[in-house]
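If you want the building blocks of each chain, they are given just below.
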Amino acid sequence: MSAGCCTRNSVFAPAKPTLSWKFTLPTKTLPPLRKTTKRFAVFATFISSSKPTVLVTEKLGEAGLDLLKKFANVDCSYNLSPEELCSKISLCDALIVRSGTQVSREVFESSGGRLKVVGRAGVGIDNVDLPAATEHGCLVVNAPTANTIAAAEHGIALLTAMARNIAQADASIKSGKWQRSKYVGVSLVGKTIAVMGFGKVGSEVARRAKGLGMNVIAHDPYAPADRARAIGVELMNFDEAISTADFISLHMPLTPATSKIFNDEAFSRMKKGARIVNVARGGVIDEEALLRALDSGIVAQAALDVFTEEPPAKDNKLVLHENVTVTPHLGASTEEAQEGVAIEIAEAVVGALKGELASTAINAPMVSTEVLSELATYVALAEKLGRLAVQLVAGGSGVKSVKVTYASARGPDDIDTQLLRAMIIKGVIEPISSVFVNLVNADFIAKQRGLNIIEERITLDGSPENPLEYIQVQIANVESKFASAISDFGEIRVEGRVKDGKPHLTKVGSFAVDVSLEGSIILCRQVDQPGIIGKVGSILGDENVNVNFMSVGRIATQKQAVMTIGVDEEPSKEVLKKIGGIAAVEEFVFLKL
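Reading the values: rules and limits
- Residues numbered from 1 in each chain as written.
- Predicted model: local features only at pLDDT ≥ 70, side-chain atom pairs only at ≥ 80, totals over all residues.
- Heavy atoms only, no water.
- Phe/Tyr/Trp six-rings, centres within 6.5 Å; stacked < 30°, edge-to-face > 60°.
- Helix = DSSP H or I, 4+ residues; strand = E, 2+ residues; numbered from the N terminus.
- Buried < 20%, exposed > 50% of the residue type's maximum accessible area, 1.4 Å probe, protein only.
- Pairing = 2+ DSSP bridges.
- Axes fitted to C-alpha atoms, helices over the stretch in contact; angles between N-to-C directions.
- Contact = heavy atoms within 4.5 Å.
- Parallel < 35°, antiparallel > 145°, perpendicular 65-115°, else oblique.
- Left-handed = near helix turned anticlockwise from the far one by under 90°.
- Nonpolar A, V, L, I, M, F, W, Y, C, P; charged D, E, K, R; others polar.
- Right-handed = clockwise from strand over helix to strand, strands pointing away.
- Core = buried A, V, L, I, M, F, W, Y, C linked by side-chain atoms within 4.5 Å.
- pLDDT = per-residue confidence, 0-100.
- Salt bridge = Lys/Arg side-chain N within 4 Å of Asp/Glu carboxyl O.

1. Section: the packing of aromatic side chains
Here comes step 1: Scanning all chains against the criterion turns up 1 aromatic pair.
Here comes step 2: Taken together, a centroid distance of 5.5 Å and an interplanar angle of 55 degrees make the contact between phenylalanine 238 and phenylalanine 262 tilted. Separated by 24 residues along the polypeptide, phenylalanine 238 in helix α9 (residues 238-244) and phenylalanine 262 in the loop between β11 (247-250) and α10 (264-268) bring together distant segments of the chain.
Here comes step 3: Relative accessible area serves as the criterion here: at 1%, phenylalanine 262 is assigned to the buried category.

See the structure below:
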């Protein structure tokens, strides 16, 4: 159906938004940032008598289309070329795509400011240029929940098909052969399966695997241990999980931290004859390394629904391997899931066009330049402190609450921490999740994941010229990868402040340090003695790893000290082992920013 152009007025209201949005979180409410005439520029839309136009460029379930048609003119135009999309988009208020349509910067530029929301019918948003969307004032929403059961069921289907050689036996008998002895399978009952990623899909896979009589373990640095115990699942760190399991089922997001996390080294630590299922993202597996592991017998079988490159090349050796079962990214391909996704994305798009805040919003609303200019460096500091704190949590420790302390010389009405709180949440959640966190969805995401953000304000004597003196982040009731990060009160504690316009780390546990939060960080606890700084510096220099900042905080002379090293490049594991091998170094950890 093709819809004509509609007349509609859309504005961004900086002073008094027509609609207000409220999140309820168990956090301490703090007063608003200094009283100004300009606040956050809120995404608000005013609808005239004419209907808005929604362009749908890929097939969407009828239930979703029906919902859209009640509110808007719907233009279903499939298989558009990039040029055709750019030509049509200036007549549209909303765009709904799946994974096949590239929503590039050119699309947003061609919209002339009319496009107000892009809906991605599914989870991933790799095909949407988020920075361009935000720059052009366009909200991006997705549909992250409707595919959960379908993906879990497909994971179990691949698990059982792989264990019993279903695909291979089917192909064999259809070619006229009868090879019963060749396709003897393995039983699932009594075997251990490691669920790598214990989010929505992983949890559903775990429940179903329990029903098959399997022993279920899991790895997820974010999942609370009590939630896992309620299902009868034991949380382990990454190495323990992959070395213990007979079957490994992948449900982790593709992030810089998980890219090719299943590589030669990971495969070498697995139990010989392990079997792997992947219905998550192709990029979490180094496909060449998996091929080597299959050929060597370290991995007995693999079942893959996703690939680094989709579709894979026709001569892809992994796809053609006799011990590999493959499907063409069918995780969400059930009739029920497709209808659910259609409804979920339609509701989100209609809500956004009405000016309502979508809980699945991906990018942040625009923020006034006045607020951003004053808080810009503190925003960066808040996110980096969150990232540091969560990376210090040992695997298997569930993060349930984060306490944030803001120290300021300003009065009670002159500081609003919602932007800073959002960045703390972003820093804590994004390194271990595929969720995109921003001002729009931070509180919702924290509440959804059971993360309690406790905020505390400390008033200091001094000049109110700077909005904050320091920010402190604490995570209690968890174990730490770096024991020295535990304060005298038993929680992981990091503290930072802005110096010369740049975020600095100024405290780790009970140790005072001073290092610029640029690049990444190496923390070392060592016996305080001469020569240690030189030895560490030489190791890094020999490997061409540039040190941008270094400081040492100590308890007392010749006692324990913590050395904090800022590096521009990520050191290799061999370099880190050399640092750990220095006799005076008692513990160390590498943290990515």
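Next comes the rest of the account.
2. Concerning the sheet that holds strand β15 (residues 401-408)
Here comes step 1: What the 6 strands build is an open sheet, ordered β16-β15-β17-β18-β19-β20; its pairing is mixed. What marks the edges here is a single partner per strand, and that holds for β16 (452-459) and β20 (511-516). Put simply, the sheet's adjacent strands are angled 20 degrees from each other on average, direction ignored.
Here comes step 2: Here strand β18 (residues 492-499) pairs with strand β19 (residues 502-508) via 6 bridges, running antiparallel. The residue of β19 that forms the bridge with valine 494 is valine 508.
Here comes step 3: Against the sheet, helix α15 (residues 418-429) contacts β15, β16 and β17 (470-475), and its axis sits at roughly 140 degrees relative to β15.

3. So, the sheet that holds strand β3 (residues 53-56)
Hydrogen bonds between backbone groups are what pair the strands of a sheet, and the pairing can be parallel or antiparallel.
Here comes step 1: Reading across the sheet, the 5 strands line up as β4-β3-β5-β6-β7 and stay open at both edges, with parallel pairing between neighbours. What marks the edges here is a single partner per strand, and that holds for β4 (73-76) and β7 (139-142). On average, each strand axis in the sheet is inclined to that of its neighbour by 20 degrees, with strand direction left out of account.
Here comes step 2: Of the strand pairs in this sheet, strand β5 (residues 94-97) and strand β6 (residues 117-120) are connected by 4 bridges, and their pairing is parallel. Within the sheet, the bridge partner assigned to isoleucine 96 lies in β6 and is glycine 119.
Here comes step 3: On the sheet, helix α1 (residues 62-69) packs against β3, β4 and β5 and is oriented at approximately 140 degrees with respect to β4.
Here comes step 4: Sheet contacts for helix α13 (residues 335-353): β3, β5, β6 and β7; angle to β6, the most-contacted strand, approximately 170 degrees.

4. A closer look at the packing of α1 against α13
In a packed pair of helices, the relevant descriptors are the angle between the two axes and the axis-to-axis distance.
Here comes step 1: Relative orientation of the contacting elements α1 and α13 amounts to 20 degrees, with a least axis distance of 7 Å. Judged by the angle between their axes, α1 and α13 are roughly parallel. Two packed elements cross with a definite hand, and for α1 against α13 that hand is right-handed. Packed against α1, whose contacting residues are Glu62, Ala63, Gly64, Leu67 and Leu68, the element α13 presents Glu339, Ala342, Ile343, Ala346, Glu347, Val349 and Val350 at the interface.
Here comes step 2: For the contact of α1 with α13, a count of residues per class yields 8 nonpolar, 1 polar and 3 charged.

5. Considering the pairing of β3
Here comes step 1: Every second residue of β3 is oriented toward a common face, with Thr53 and Leu55 on one face and Val54 and Val56 on the other, all of them buried.
Here comes step 2: Across 4 bridges, β3 lies against β4 in parallel orientation. By the bridge assignment for β4, threonine 53 is matched with asparagine 73.
Here comes step 3: Crossover β3 to β4 through α1 is right-handed.
Here comes step 4: Where β3 meets β5, 3 bridges bridge the pair, whose relative direction is parallel. Bridge assignment links valine 54 to a residue of β5, and that residue is alanine 94.

6. Some remarks on the nonpolar core
Here comes step 1: Membership of the largest hydrophobic core comes to 54 residues, with the highest contact counts inside it found for Leu392, Val402, Leu451 and Leu505.
Here comes step 2: Looking at which element gives the most residues to this core, the answer is helix α14 (residues 369-391), with 9 residues.
Here comes step 3: With residues near it in sequence (within four places) discarded, leucine 392 still touches Glu479, Ser480, Lys481, Phe482, Ala485, Ile492, Val494, Leu523, Val589 and Leu591.
Here comes step 4: Ala245, Phe262, Ile285 and Leu318 belong to the second largest nonpolar core, which has 30 residues in total.

7. A look at the confidence of the model for the chain
Where the model shows low pLDDT, its predicted coordinates should not be examined in detail.
Here comes step 1: Of the residues in the chain, 88% reach a pLDDT of 70 or more, and the chain-wide mean stands at 85.
Here comes step 2: Confidence over residues 1-49 falls short of pLDDT 50; this stretch has 127 contacts with residues more than four positions distant or in other chains.

8. Some remarks on the pattern of salt bridges
Should the charged atoms of two oppositely charged side chains come close, the side chains can pair.
Here comes step 1: Overall, the coordinates contain 24 salt bridges when judged by the stated rule.
Here comes step 2: With a shortest N-O distance of 3.4 Å, glutamate 430 and arginine 387 are connected by a salt bridge. With glutamate 430 in the loop between α15 and α16 (442-448) and arginine 387 in helix α14, this residue pair connects regions lying 43 residues apart in the sequence. The burial state of glutamate 430 is the same as that of arginine 387; both residues are buried.
Here comes step 3: With its nearest N and O atoms 3.5 Å apart, the salt bridge here joins lysine 592 to glutamate 570. Linking lysine 592 in the segment after β24 (585-591) with glutamate 570 in the loop between β23 (560-567) and α18 (573-580), this pair joins segments that are 22 residues apart in sequence.
Here comes step 4: Classification of lysine 592 as partly exposed rests on a relative accessible area of 34%.
Here comes step 5: You can call glutamate 570 exposed: its relative accessible area is 51%.

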